[in-house]
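What follows is the residue order along each chain.
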Amino acid sequence: MRNNRAMTIVPHRIAVLALDDVVSLDLGTPSQVFGTARTEDLTPLYRVEVCTPGGRPVRSTAGFQVLPEHGLELLASADTVIVPGIHDGPPLTDGTLDPEVAAALRAAHERGARIMSICTGAFVLAAAGLLDGRPATTHWAYADRFRRFHPAVDLDPEVLFLDSDGVLTSAGVAAGIDLCLHVIRTDHGSEVANRAARRCVVPPWRDGGQAQYIERPVPRAAEAGTAATREWARQRLHEPVALRDLAAHARMSVRTFTRHFRSETGISPAQWLLQQRTDHARLLLETTDLTVDQIARRSGFGTTAAFRQHFHHRVGVAPTTYRRTFRRP
């Protein structure tokens, strides 16, 4: 679909499986985010539908009921299945799952559907046996309970989301947005994902390995944050920007700047710069005819070798492979 834009686009079909006590924000996230993913001529790239066991109404955490248009049969034809978080029910109270729901999830996975969870939806996937032996994440506050119920899962509660060979899990609330944008970026490239993020008025990219729990103390009026310096650095990705340069721009000592930066972003200045340089390189690979050497310089990696190494480490493929996958005709 992404390599032949002239063909008729058949929207990727997403089934959102809602169980009782579904978290209302998690339930709405896939429709909102994937619904904004469109081509330049506004053709929808995804079709999102909601289902429940038996097509019955289910309770939400926001005091309303969800009236679905589909039952579990939707999982048999969906390209992607997403399980939003829940705040009660057997998956959370004793680690079990309705056998009919578990069988439907396993069947979808076995036929090749992509399986995703948001927040405590990971309890549902784990109870269905889909996370055994895999790395997975969920909301940090539920980590101890998750480990008690599912010791065979390689739980990492410190990250925003994890992608494990077609089975994807995310942390709470906003991390579900990050995961959906990650999927759009994987399916259609950075340009489409960035447009979707802009329409949702959210950051286009937060690294999945970023820490879940970031303390954000309210600054005193006299204190300055690092947002202006981050924007200053984004405009100079083609230049060598050192930590001391960032601190000087923010008019802070290196130590104070680093502390403020971690408090506001959850990562170090060096990690953030690599993330920004990589994202800029992605966009250049997708939308320009610049050579890999030119992109390495314009993204601030200095040498082509350094660019290839960092890009492969963060994206998982070589720059040329990425360009072949996402380059627009």
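Residues numbered from 1 in each chain as written. Predicted model: local features only at pLDDT ≥ 70, side-chain atom pairs only at ≥ 80, totals over all residues. Heavy atoms only, no water.

Participant: Help me understand the pattern of salt bridges, please; the structure alone is not making it clear to me.
Facilitator: Two side chains carrying opposite charge are able to pair once their charged atoms lie near each other. All told, the structure shown has 8 salt bridges when counted by the stated rule. Across the salt bridge formed by glutamate 264 and arginine 230, the nearest N and O atoms sit 3.1 Å from each other. Within this pair, whereas glutamate 264 is found in helix H10 (residues 254-265), its partner arginine 230 is found in helix H8 (residues 227-234), the two being separated by 34 residues in sequence. Given the relative accessible area of 24%, glutamate 264 is considered partly exposed. Assessed through its relative accessible area of 16%, arginine 230 is described here as buried. Connected through shared salt-bridge partners, Arg13, Arg47 and Glu49 make up one network. (Salt bridge = Lys/Arg side-chain N within 4 Å of Asp/Glu carboxyl O. Helix = DSSP H or I, 4+ residues; strand = E, 2+ residues; numbered from the N terminus. Buried < 20%, exposed > 50% of the residue type's maximum accessible area, 1.4 Å probe, protein only.)

Participant: Looking at this structure, how should I read unusual backbone geometry?
Facilitator: In this structure, aspartate 165 is a non-glycine residue whose phi angle is positive, near 50 degrees. Structurally, aspartate 165 can be placed in the loop between strand S9 (161-164) and strand S10 (167-170). Residue classification places aspartate 165 among the exposed positions, given a relative accessible area of 71%. Look at arginine 251: it is not a glycine, yet its phi comes out positive at around 60 degrees. On the secondary structure map, arginine 251 appears in the loop between helix H9 (243-250) and H10. On the basis of relative accessible area, arginine 251 is assigned to the exposed category, the value being 81%.

Participant: So what exactly am I meant to see when it comes to the packing of H8 against H9 here?
Facilitator: A pair of packed helices can be characterised by two numbers: the angle between their axes and the separation between those axes. Two elements in contact, H8 and H9, have axes whose closest approach is 9 Å; the angle formed by their N-to-C orientations is 130 degrees. Taken together, H8 and H9 sit at an angle that is classed as oblique. Here H8 runs over H9; the crossing is right-handed. Residues Ala228, Thr229, Trp232 and Ala233 of H8 lie in contact with H9, whose contacting residues are Asp245, Leu246, His249 and Ala250. (Axes fitted to C-alpha atoms, helices over the stretch in contact; angles between N-to-C directions. Parallel < 35°, antiparallel > 145°, perpendicular 65-115°, else oblique. Left-handed = near helix turned anticlockwise from the far one by under 90°. Contact = heavy atoms within 4.5 Å.)

Participant: Sorry if this is basic, but what is going on with the side chain of serine 164 here?
Facilitator: Take serine 164: it is sitting in strand S9. Residues within four places of serine 164 in sequence aside, it is in contact with Arg134 and Pro135.

Participant: When you look at the sheet that holds strand S2 (residues 46-51) in this model, what are you seeing that I'm missing?
Facilitator: In any sheet, the strands associate via hydrogen bonds between backbone groups, in a parallel or an antiparallel arrangement. On the basis of which strands lie adjacent, the open sheet formed by 6 strands has the order S2-S1-S5-S6-S10-S9 and mixed pairing. Edge positions in the sheet fall to S2 and S9, since each has one partner strand and no second. On average, each strand axis in the sheet is inclined to that of its neighbour by 15 degrees, with strand direction left out of account. Pairing analysis gives 4 bridges linking strand S5 (residues 80-83) to strand S6 (residues 114-117), with the strands arranged parallel. When the bridges of S6 are listed, valine 81 appears paired with isoleucine 115. Sheet contacts for helix H1 (residues 24-35): strand S1 (12-17), S2, S5 and S6; angle to S2, the most-contacted strand, approximately 165 degrees. Across the sheet, helix H6 (residues 174-188) is in contact with S2, S6, S9 and S10; its angle to S10 comes to roughly 145 degrees. (Pairing = 2+ DSSP bridges.)

Participant: Just to check I follow, could you spell out H1 for this structure?
Facilitator: For an α-helix, the turn length of 3.6 residues means that residues three or four places apart are oriented alike. Between its first and last C-alpha, H1 extends 17 Å over 12 residues, near the 16 Å set by a 1.5 Å rise per residue. Of all the positions in H1, only Asp26, Leu27, Thr29, Pro30, Val33 and Phe34 are classed as buried. In an axial view of H1, the angular spread of the buried residues amounts to 155 degrees, which keeps them on one side of the axis. (Expected span 1.5 Å × (residues − 1). Arc of directions from axis to C-beta.)

Participant: Mind showing me how you'd approach the pairing of S6 here?
Facilitator: By the alternation rule, side chains of S6 split into Arg114 and Met116 and Ile115 and Ser117, which are all buried. The sheet contact formed by S6 and S10 spans 3 bridges and is parallel. In the strand pairing of S10, methionine 116 is matched with leucine 168.

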